[in-house]
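What the coordinates show
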Amino acid sequence: EADIYQTPRYLVIGTGKKITLECSQTMGHDKMYWYQQDPGMELHLIHYSYGVNSTEKGDLSSESTVSRIRTEHFPLTLESARPSHTSQYLCASSERGGGPDTQYFGPGTRLTVL
Amino acid sequence: AQTVTQSQPEMSVQEAETVTLSCTYDTSENNYYLFWYKQPPSRQMILVIRQEAYKQQNATENRFSVNFQKAAKSFSLKISDSQLGDTAMYFCAFIRPNSGNTPLVFGKGTRLSVIA
């Protein structure tokens, strides 16, 4: 398995709480991504970063925010969680360059907002 | 924009049999990469196999092989001698090399069940 970690693995919180989902990788990858996986298992890209101090929004509109202050760390924050945020969140990373850009995925965080 | 289509939401196969998962994609590019990823129940997504569009030869990885038809824009995955551990969601994905800020494009996935 790849060296990419997500914490917590499971989180149940109440509406209105601020939460941060952590993602770290030890592979020195420049590129990192956050996906939201719906109950049908479809993947939706919500944020990505191509290096320190670079962040972009993905295809799916999201009320979350991200930061990339260090290469290895890409946390995702929800300022005020709502039941519609209940989902599986996957973090991934890949190397910068002209190669095949294989993405390595973390184990995911399953978030439930009551 | 590139799109990836997996037309089989669910499939099942008997253990030890062979199964083929379909994937088609739409692009005007000539050079690109294609991937199959596997996500077992409650486990991490992992890469199964990848194909570079400029290579004529179909990629193989042990029991997994692809049938890459560039003109038809088709990229199917064949799993031979299916095992219970192959039960998973399978995602087909596409990317252009040197694509700048364009990330990987995933299909919606095919849920494969291997039956004993």
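Read on for a plain summary of the structure. Keep in mind it's a predicted model, so treat the numbers as computed, not measured.

Some details on the sheet that holds strand E3 (residues 19-25) of chain A
Pairing is antiparallel across the open sheet formed by four strands, whose spatial order is E1-E3-E8-E7 (chain A). The open sheet has two free edges, formed respectively by strand E1 (4-7) and strand E7 (65-66) of chain A, since each of these has just one partner strand.

Quick word on the environment of glutamine 6 of chain A
Residue and element names in this part refer to chain A. Checked against the element boundaries, glutamine 6 lands in strand E1. According to the relative accessible area criterion, glutamine 6 is buried, its value standing at 3%. Between the C-alpha atom of glutamine 6 and that of valine 66, which follows or precedes it by 60 residues, the distance is 14 Å. For glutamine 6, the contacting residues outside a window of four places in its chain are Glu22, Cys23, Trp34, Tyr89, Leu90, Cys91, Gly106, Pro107, Gly108 and Thr109. In this structure the side chain of glutamine 6 is engaged in a polar contact, spanning 3.0 Å, whose partner is the backbone nitrogen of cysteine 91. A polar atom in the side chain of glutamine 6 sits 2.9 Å from the backbone nitrogen of glycine 108.

Overview of the pattern of salt bridges
Residue and element names in this part refer to chain B. In the structure shown here, the tally under the stated rule is seven salt bridges over all chains. In this structure, lysine 55 engages glutamate 52 in a salt bridge whose closest nitrogen and oxygen atoms are separated by 3.3 Å. On the accessibility criterion, glutamate 52 (13% relative accessible area) is buried. The structure contains a network of salt bridges with shared partners spanning Lys38, Arg63 and Asp86.

The rules behind the values
Residues numbered from 1 in each chain as written. Chains lettered and ligands numbered in written order. Predicted model: local features only at pLDDT ≥ 70, side-chain atom pairs only at ≥ 80, totals over all residues. Heavy atoms only, no water. Pairing = 2+ DSSP bridges. Helix = DSSP H or I, 4+ residues; strand = E, 2+ residues; numbered from the N terminus. Buried < 20%, exposed > 50% of the residue type's maximum accessible area, 1.4 Å probe, protein only. Contact = heavy atoms within 4.5 Å. Polar contact = N/O pair within 3.5 Å; in protein donor to acceptor, adjacent residues only side chain to side chain. Salt bridge = Lys/Arg side-chain N within 4 Å of Asp/Glu carboxyl O.

Such coordinate-based values are descriptive only and should not be taken to indicate function.
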